[in-house]
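Survey of secondary and tertiary structure
Spelled out from the first residue to the last, the chains are:
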Amino acid sequence: ESKKKVDFFTRQYIDALSPSNFAFTNPQVLRETMKTGGHNLVKGLNNLLEDLDEGDGQLRIKMTDMNAFKLGVNVATSKGKVVYQNELMQIIQYDPLTPEQYRRPLLIVPPWINKFYILDLREKNSFIKWCVDQGISTFVISWTNPDAKLAEADFEDYLAQGTLAALAAVEAATGEPDVNALGYCLGGTLLAAVLGY
């Protein structure tokens, strides 16, 4: 066990000291520096400063362009409206795309750490759009980003003010007491707990 740890940390240390990790010993960086007159280094420094600023003084490296996605433009493009909300969540009902709808609606319960639009990324791979294209009256929970005032919220709060409140909101919007429900990750756990309630 100790031998494995020593081997692991030795490999990490050697990899960290690899010449490619340093600008002046990395031929690719040197070529780019010569080609751009050093602008690549300035751009890298600006990126580092932005990452430090985003992390309130701690290095918080961005893994994606934060300006690449615009809700309702190139992500979460399915049309809908908020039909209910409380301090923990909102219920979005998507606009129907067929002349007739199935009687039983669908409620989607995503995890707290995920946003509702994970199932509505783009038209070509949107589960929500597929549902409304099939004539399914579709609802989804959009969880609030918790802040200090929700620090005391616990699992029972998310059951009562989350999934149970959502089921009541779907019934109020449609008049249907029975729903099809889909939950995944922690949303699936919430949904399973409600089913056993």
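In case you missed it, the structure is sitting above this.
The structure reproduced in this document is the subject of the present report. Everything quoted here is computed from the prediction, not taken from an experiment.

Criteria and thresholds
All chains use their own residue numbering, which begins from 1 and follows the written sequence. Given that this is a predicted model, residues contribute local features only at a pLDDT of at least 70 and side-chain atom pairs are listed and counted only at 80 or more, while totals for whole chains, interfaces and linings are drawn from all residues. Only hydrogens and water are removed before side-chain values are computed, so all heavy atoms of the structure are retained for them. Here the rule is simple: two strands pair whenever DSSP picks up at least two bridges between them. Secondary structure is summarised from DSSP: a helix means a run of H or I of at least four residues, a strand means a run of E of at least two, and numbering begins at the N terminus for each. Working convention: axes come from line fits to C-alpha atoms, limited for helices to the stretch in contact. Angles between N-to-C directions cover 0 to 180 degrees. Contacts between residues were defined by any pair of non-hydrogen atoms, one from each residue, lying within 4.5 Å. What a helix should span is 1.5 Å times the count of its residues minus one. For a residue, the bend is simply the angle between two axes, fitted respectively to the seven-residue segment ending there and the seven-residue segment starting there. Three exposure classes are used, based on accessible area relative to the maximum for each residue type with a 1.4 Å probe and protein chains only: buried under 20%, partly exposed in between, and exposed over 50%. Polar contact is the term for a pair of N or O atoms within 3.5 Å; when the atoms are in protein, one must be able to donate a hydrogen and the other to accept it, and sequence-neighboring residues count only if both atoms are side-chain atoms. Patches in this entry comprise residues that are over 30% relatively accessible and not in a salt bridge; like charges within 9 Å are linked, as are nonpolar side chains (Val, Leu, Ile, Met, Phe, Trp, Tyr) within 5 Å. For the area figures, the Shrake-Rupley method with a 1.4 Å probe applies, and any residue is considered shielded solely by the protein chains shown. Between Lys or Arg on one side and Asp or Glu on the other, a salt bridge is scored when a side-chain nitrogen of the former is within 4 Å of a carboxyl oxygen of the latter.

Glancing now at the sheet that holds strand S2 (residues 89–94). With mixed pairing, the five strands of this open sheet are ordered in space as S1-S2-S4-S3-S5. Either end of the sheet is taken by a strand with one partner, and the two such strands are strand S1 (80–85) and strand S5 (180–183). Across the sheet, the mean angle from the axis of one strand to that of its neighbour is 25°, orientation sign disregarded. Sheet topology places strand S3 (residues 106–109) next to S5; four bridges connect them, and they run parallel. Note that in S5 the partner of Leu107 across the bridge is Ala181. Against the sheet, helix H5 (residues 155–174) engages S1, S2, S3 and strand S4 (138–143), with an angle of about 150° to S4. The sheet strands contacting helix H6 (residues 186–195) are S3, S4 and S5, and the helix crosses S5 at an angle near 140°.

The subject of this paragraph is H5. If you check H5, its first and last C-alpha atoms are 27 Å apart, about what 20 residues at 1.5 Å a residue would give, namely 28 Å. At Ala165, H5 is bent by approximately 35°, the largest bend along its length. Of all the residues in H5, the buried ones are Tyr158, Leu159, Gly162, Thr163, Ala165, Ala166, Ala169 and Val170. Elements in contact with the buried residues of H5: S1, S2, S3, S4 and H6. Capping the start of H5, Asp154 holds a side-chain oxygen 3.2 Å from the backbone nitrogen of Glu156, two or three residues further along. Of the residues flanking the end of H5, it is Gly175, one or two places downstream, whose phi is positive at about 80°.

Moving on, we get to the side chain of Thr138. Tracing the backbone through its elements, the reader meets Thr138 in strand S4. A polar contact of 2.9 Å, which involves the side chain of Thr138, links it to the backbone oxygen of Ile136. In this structure Thr138 touches Ile92, Gln93, Tyr94, Leu106, Ile108, Ile128, Cys131 and Val132, once residues within four positions along its chain are discounted.

Moving on: a nonpolar patch on the surface. Nonpolar side chains collect at one region of the surface, where Leu45, Leu48, Leu49, Leu59, Ile61 and Met63 lie side by side and expose about 650 Å² of accessible area between them. Topologically, Leu49 is positioned in helix H3 (residues 39–54). Residue classification places Leu49 among the partly exposed positions, given a relative accessible area of 47%.

Interpretation note: all reported values are geometric properties and have no functional meaning in isolation.
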